Amino acid sequence: MKSFRRELWFEVPTRRAFINITPKVEDCLQKSGIEEGLVLVNAMHITASVFINDDESGLHQDFEDFLEGLVPHEPTSRYRHNLTGEDNGDAHIKREIMGREVVVAVTEGKLDFGPWEQIFYGEFDGRRRKRVLVKIIGS
Ligand code: ZN
């Protein structure tokens, strides 16, 4: 069995963003030389997500509106977490909604996606350097 590990670094200039990281994961898979196996992609920070969905027009704004409707950033005083002096109480909860990681099958050296599936990094407390872990195992 082979294994491959890489950290992808991001520094998003805004508080929140969604980034299609599929090409970066495909690059890792190519470098791993693994033809059959599994790839795990997880956010390494508790205010960011990795999830799978479509890269479709309007969808990211719909996610943003949905999350802000449920867990608005403002007023920051509504979150007990922010009594610590932080202002990212909403970001911790948004990450719980959008998830920590995805696992994708690797078949014949390719990510074995369903129709339209793409891998996204969801940032909810950006403007600093943060990481995503890519771990690939197989043969
Ligand atoms: Zn926090």
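Along each chain, numbering runs from 1 in the same order as the chain's sequence is written. This being a predicted model, a pLDDT of at least 70 is required before a residue's local features are given, and a value of 80 or more before pairs of side-chain atoms are given or counted; all residues contribute to the totals for chains, interfaces and linings. Side-chain descriptors were evaluated using all non-hydrogen atoms of the structure, hydrogens and water having been removed beforehand.

Participant: Please give an account of the coordination of the zinc ion that cites residues and values.
Facilitator: Note on metal geometry: ideal angles are 109.5 degrees for four donors arranged tetrahedrally and 90 or 180 degrees for six donors arranged octahedrally. Only H81 (NE2), E86 (OE), N88 (OD1) and H92 (NE2) from the protein reach the zinc ion as donors, at distances of 2.1 to 2.5 Å. Classification of the site at the zinc ion as irregular follows from its four donor atoms and the range of 79 to 156° in their angles at the metal. The partly exposed category is assigned to E86, whose relative accessible area is 37%. Judged by relative accessible area, N88 falls into the buried class, the value being 4%. Shown as donors are all N, O and S atoms within 2.8 Å of a metal ion, widened to 3.2 Å for Na, K and Ca; because water is not in the atom set, sites may appear incomplete. For a four-donor site, all angles between 85 and 135 degrees give tetrahedral; for four or six donors, opposite pairs above 155 degrees with the remaining angles between 65 and 115 give square planar or octahedral; all remaining cases count as irregular. Each residue is placed in one exposure class: buried if its accessible area under a 1.4 Å probe, protein chains only, is under 20% of its type's maximum, exposed if it is over 50%, and partly exposed if it falls in between.

Participant: Before we move on, could you go through the sheet that holds strand 8 (residues 129–138) and cite the residues and values that matter?
Facilitator: Where strands meet in a sheet, backbone hydrogen bonds hold them as pairs that are either parallel or antiparallel. Ordered in space as 1-8-3-5-6, the five strands form an open sheet in which the pairing is antiparallel. Looking at which strands have only one partner, the edges of the open sheet turn out to be strand 1 (2–11) and strand 6 (110–111). Between any two strands, pairing holds if DSSP finds at least two bridges. In DSSP terms, a helix is any run of H or I states spanning at least four residues, a strand is any run of E spanning at least two, and both are numbered starting from the N terminus. Sheet topology places strand 3 (residues 37–43) next to strand 5 (residues 101–107); six bridges connect them, and they run antiparallel. Pairing of L40 across the sheet is with V103, part of strand 5. Note on contacts: a residue pair qualifies if any of its non-hydrogen atoms lie within 4.5 Å across the two residues. Angular values range over 0 to 180 degrees, each being the angle between N-to-C directions of two axes fitted as lines to C-alpha atoms, with helices fitted over their stretch in contact. Along the sheet, helix 1 (residues 22–32) contacts strand 1, strand 3, strand 5, strand 6 and strand 8; its crossing angle with strand 1, the most-contacted strand, is approximately 150°.

Participant: Break down a negative patch on the surface for me, citing the residues and quoting the values.
Facilitator: Patches draw on residues past 30% relative accessible area with no salt bridge. Two like charges within 9 Å are joined, as are two nonpolar side chains (Val, Leu, Ile, Met, Phe, Trp, Tyr) within 5 Å. Here the accessible surface of atoms and residues is derived via Shrake-Rupley with a 1.4 Å probe, and residues count as covered only by protein chains that are part of the display. Whenever Lys or Arg places a side-chain nitrogen within 4 Å of a carboxyl oxygen from Asp or Glu, that contact is recorded as a salt bridge. Under the convention used here, Asp and Glu are negative, Lys and Arg are positive, and both His and the chain ends fall outside the count. We put the charge of a Lys on NZ, of an Arg on CZ, of an Asp on CG and of a Glu on CD. Side chains of E35, E36, E108 and D112 sit close together on the surface and give a patch of like negative charge. Its location among the elements puts E108 in the loop between strand 5 and strand 6.

Treat this as a map of the structure, not an account of what it does.
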